[in-house]
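Observations on the model geometry
Residue-level listing of the chains:
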Amino acid sequence: MPTYDYRCQSCSQTFEVRMSMSEYAEGKKPACPRCGSSDVDRAFTSFGVLTASRGGSGGSSFGRSCGHGGFT
Ligand SMILES: [Zn+2]
């Protein structure tokens, strides 16, 4: 079952919801897990962005430069 990204209009929380494609096609809207509002919109975040942030390569390079600066 695919997951879809939604963004809450009340608190700007973004969250993933797993639902069938038929439910998605019907325009079914889940409730926000943060504030419980059903005033949510579909958010089409790119998978590439999610993958990059989970990779952590940017974080490790940041820590490395930080350690090098302290040593010198
Ligand atoms: Zn919300």
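Up top you'll find the structure we're talking about.
Let me sum up the structure you'll find in this document.

The rules behind these values
Residues numbered from 1 in each chain as written. Predicted model: local features only at pLDDT ≥ 70, side-chain atom pairs only at ≥ 80, totals over all residues. Heavy atoms only, no water. Pairing = 2+ DSSP bridges. Helix = DSSP H or I, 4+ residues; strand = E, 2+ residues; numbered from the N terminus. Axes fitted to C-alpha atoms, helices over the stretch in contact; angles between N-to-C directions. Donors = N, O, S within 2.8 Å, 3.2 Å for Na, K, Ca; no water. Tetrahedral: all angles 85-135°; square planar, octahedral: opposite > 155°, others 65-115°. Buried < 20%, exposed > 50% of the residue type's maximum accessible area, 1.4 Å probe, protein only. Polar contact = N/O pair within 3.5 Å; in protein donor to acceptor, adjacent residues only side chain to side chain. Contact = heavy atoms within 4.5 Å. Phe/Tyr/Trp six-rings, centres within 6.5 Å; stacked < 30°, edge-to-face > 60°. Lys NZ or Arg CZ within 6 Å of the ring centre and 35° of its normal. Salt bridge = Lys/Arg side-chain N within 4 Å of Asp/Glu carboxyl O.

**Points about the sheet that holds strand E2 (residues 14-18)**
In space, the 3 strands of this open sheet follow the order E2-E1-E3, with antiparallel pairing throughout. Of all strands in the sheet, those with a lone pairing partner are E2 and strand E3 (40-42), marking the two edges. Neighbour-to-neighbour, the strand axes of the sheet open up by a mean angle of 40°, direction not taken into account.

**Re the coordination of the zinc ion**
Tetrahedral coordination by four donors sets the ideal angle at the metal to 109.5 degrees; octahedral coordination by six donors sets it to 90 or 180 degrees. In this structure, Cys-8 (SG), Cys-11 (SG), Cys-32 (SG) and Cys-35 (SG) serve as the protein donors to the zinc ion, at separations of 2.3 Å. Each of the 4 donor atoms around the zinc ion contributes to a set of angles spanning 107 to 116°, which defines the coordination as tetrahedral. According to the relative accessible area criterion, Cys-35 is partly exposed, its value standing at 40%.

**What about the side chain of Ser-20?**
As for its position among the elements, Ser-20 is in the loop between E2 and helix H1 (21-25). A distance of 3.0 Å separates polar atoms of two side chains, one belonging to Ser-20 and the other to Ser-22. Leave out the neighbours within four places in its chain, and Ser-20 touches Met-1 and Tyr-4.

**Quick notes on the packing of aromatic side chains**
Applying the stated criterion across every chain yields a total of 2 aromatic pairs. For the pair Tyr-4 and Tyr-24, a centre-to-centre distance of 3.8 Å together with 5° between the ring planes defines the contact as stacked. Of this pair, Tyr-4 sits in strand E1 (residues 3-8) while Tyr-24 sits in helix H1, and the two are 20 residues apart along the sequence. Residue classification places Tyr-24 among the buried positions, given a relative accessible area of 15%. A cation over an aromatic ring shows up here: Arg-42 above the ring of Tyr-24, its NZ or CZ 3.9 Å from the ring centre.

**What to know about the pairing of E2**
On E2, burial follows the alternation: Phe-15 and Val-17 on one face are buried, whereas Thr-14, Glu-16 and Arg-18 on the facing-out side are not. With 5 bridges joining them, E1 and E2 adopt antiparallel strand pairing. Note that in E2 the partner of Arg-7 across the bridge is Thr-14. A loop of 5 residues connects E1 with E2, the two strands running antiparallel in sequence, and Ser-12 in this loop sits at a positive phi of about 65°.

**Overview of the pattern of salt bridges**
Overall, the coordinates contain 2 salt bridges when judged by the stated rule. A salt bridge links Glu-23 to Lys-28; the nearest nitrogen and oxygen atoms lie 3.0 Å apart. Accessibility expressed as a relative area gives 43% for Lys-28, which makes it partly exposed. Where Asp-41 meets Lys-29, a salt bridge forms, and the shortest distance between an N and an O atom there is 3.7 Å. Taken together, the residues Asp-41 in strand E3 and Lys-29 in the loop between H1 and E3 connect sequence positions 12 residues apart.

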